[in-house]
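# Architecture and fold: a report
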Amino acid sequence: MTFREKMLWGSIAATIAIWGWYFWGFLSALEGPTFNAGAELGSFIFAIVALTVVQIIVAVVLAISSPAEASAPADDRDREFALLAYRPAFITLSVLVATLTVVAPLTMATAPAWLGGKPASVVPIVISNALLLSLVIAELVRSGTLVFLYRRGS
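Residues numbered from 1 in each chain as written. Predicted model: local features only at pLDDT ≥ 70, side-chain atom pairs only at ≥ 80, totals over all residues. Heavy atoms only, no water.

### Points about the overall build of the chain
When helices and strands are tallied, the chain shows five helices and zero strands. When the elements of the chain are put in sequence order from the N terminus, they spell out α-α-α-α-α. By the compact-globule yardstick of 15 Å for 154 residues, the chain is too spread out, its C-alpha radius of gyration being 19 Å. Seen along its three principal axes, the alpha-carbon backbone of the chain occupies a region of about 60 × 30 × 20 Å. The buried share among the 154 residues of the chain stands at 32%. Once local pairs closer than 6 in sequence are excluded, the contacts in the chain between residues at least 24 apart make up 83%. Carbon and sulfur atoms form 75% of the exposed surface of the chain, whose accessible area is close to 9,200 Å². One way to put it: in the chain the 9 positive side-chain charges average out to a point 3 Å from where the 9 negative ones average out. (Helix = DSSP H or I, 4+ residues; strand = E, 2+ residues; numbered from the N terminus. Rg over C-alpha atoms; globule rule 2.2 N^0.38 Å. Buried < 20%, exposed > 50% of the residue type's maximum accessible area, 1.4 Å probe, protein only. Contact = heavy atoms within 4.5 Å. Areas by Shrake-Rupley, 256 points an atom, 1.4 Å probe, with all protein chains shown as cover. Lys, Arg positive; Asp, Glu negative; His and termini not counted. Charge placed at Lys NZ, Arg CZ, Asp CG, Glu CD.)

### Topic: a nonpolar patch on the surface
On the surface, L41, I45, V49, V53, I57 and V61 cluster together into a nonpolar patch covering about 520 Å² of accessible area. Looking at the secondary structure, you find V53 in helix α2 (residues 37–65). Among the residues examined, V53 registers a relative accessible area of 41% and is labelled partly exposed. (Patch = residues over 30% accessible without salt bridge, like charges linked within 9 Å, V, L, I, M, F, W, Y side chains within 5 Å. Salt bridge = Lys/Arg side-chain N within 4 Å of Asp/Glu carboxyl O.)

### Some remarks on the environment of I45
Here I45 lies in helix α2. Residues I45 and Y22, 23 residues apart in the sequence, show an inter-C-alpha distance of 9.9 Å.

### Re helix α4 (residues 76–115)
Taking 1.5 Å of rise per residue, the 40 residues of α4 would be expected to cover 58 Å, yet its terminal C-alpha atoms sit only 51 Å apart, more than 12% below that figure. A bend of about 50° at A109 is the largest found in α4, and the proline P112 appears one to four places after it. D78, F81, A85, A89, A104, T107, A111 and L115 are the residues of α4 that are buried. On its buried side, α4 packs onto α1 (3–31) and α5 (122–153). One side-chain oxygen of the residue at the start of α4 lies 3.2 Å from the amide nitrogen of R77, identifying that residue as D75. (Expected span 1.5 Å × (residues − 1). Bend = angle between axes of the 7 residues up to and from the residue. Polar contact = N/O pair within 3.5 Å; in protein donor to acceptor, adjacent residues only side chain to side chain.)

### Here we look at the nonpolar core
Core analysis: the largest hydrophobic core is formed by 21 residues, its most contacted members being W19 and Y22. For this core, the secondary structure elements donating two or more residues are α1, α2, α4 and α5. Counting residues per element, this core draws most heavily on α1, which supplies eight residues. In this structure W19 touches A14, F44, A47, I48, L51, L132 and V136, once residues within four positions along its chain are discounted. Listed in part, the eight residues of the second largest apolar core include L8, I12, V147 and L149. (Core = buried A, V, L, I, M, F, W, Y, C linked by side-chain atoms within 4.5 Å.)

### Digging into the layout of surface pockets
Left-over empty space is what a probe sized like a water molecule reveals as it rolls over the atoms. Of the voids in this model, the largest pocket is the one considered here, and its volume is about 150 Å³. Y22, F26, A37, E40, L41, F44, I125, S128, N129 and L132 together form the lining of the largest pocket. Of all the secondary structure elements, the ones that give two or more residues to the lining of the largest pocket are α1, α2 and α5. Grouping the constituent residues of the lining of the largest pocket by class yields seven nonpolar, two polar and one charged. (1 Å grid on protein atoms, 1.4 Å probe; cavity = no way out; pocket = protein on both sides within 12 Å on 5 of 7 lines; lining within 4 Å. Points joined across faces, edges and corners; volume = space filled by probe spheres on them. Nonpolar A, V, L, I, M, F, W, Y, C, P; charged D, E, K, R; others polar.)

### What about the pattern of salt bridges?
On inspection of all chains with the given rule, the structure shows four salt bridges. In this structure, D78 engages R4 in a salt bridge whose closest nitrogen and oxygen atoms are separated by 3.7 Å. Pair noted here: D78 is in helix α4 and R4 is in helix α1, with a separation of 74 residues, a long-range link. Owing to a relative accessible area of 11%, D78 belongs among the buried residues under this scheme.

The following block contains the structure:
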């Protein structure tokens, strides 16, 4: 397994674990009797910082374990795989954002039914988190495609 593939696996694991924790907590907060936007903002910032720190730690550990591979420039195969992986990720992101664009007015119209007494300011927070989830899914598609290409190509 190449250095880049190991980095991808670390990135996928960190993304699933940290964003999974964040979105699970967000859904739990939505289901609760009250919604604390400040606490959710704190969770969001924590998730970003945690993901950054974990990615750096994974990169450092992998670079120490194989310094020659870590400092090697990307070859033609790596560049080709990177270009190929962006296509399904972009399509995924485009479809999800377009879907959310259509669904957002419906979300606003049905908000009183599912908010359960929470303030209407929760609706834009839900929509922005749906957009964030779209971005996370697109990144997982990109990383998963790259892993597939590396596995198929090796």
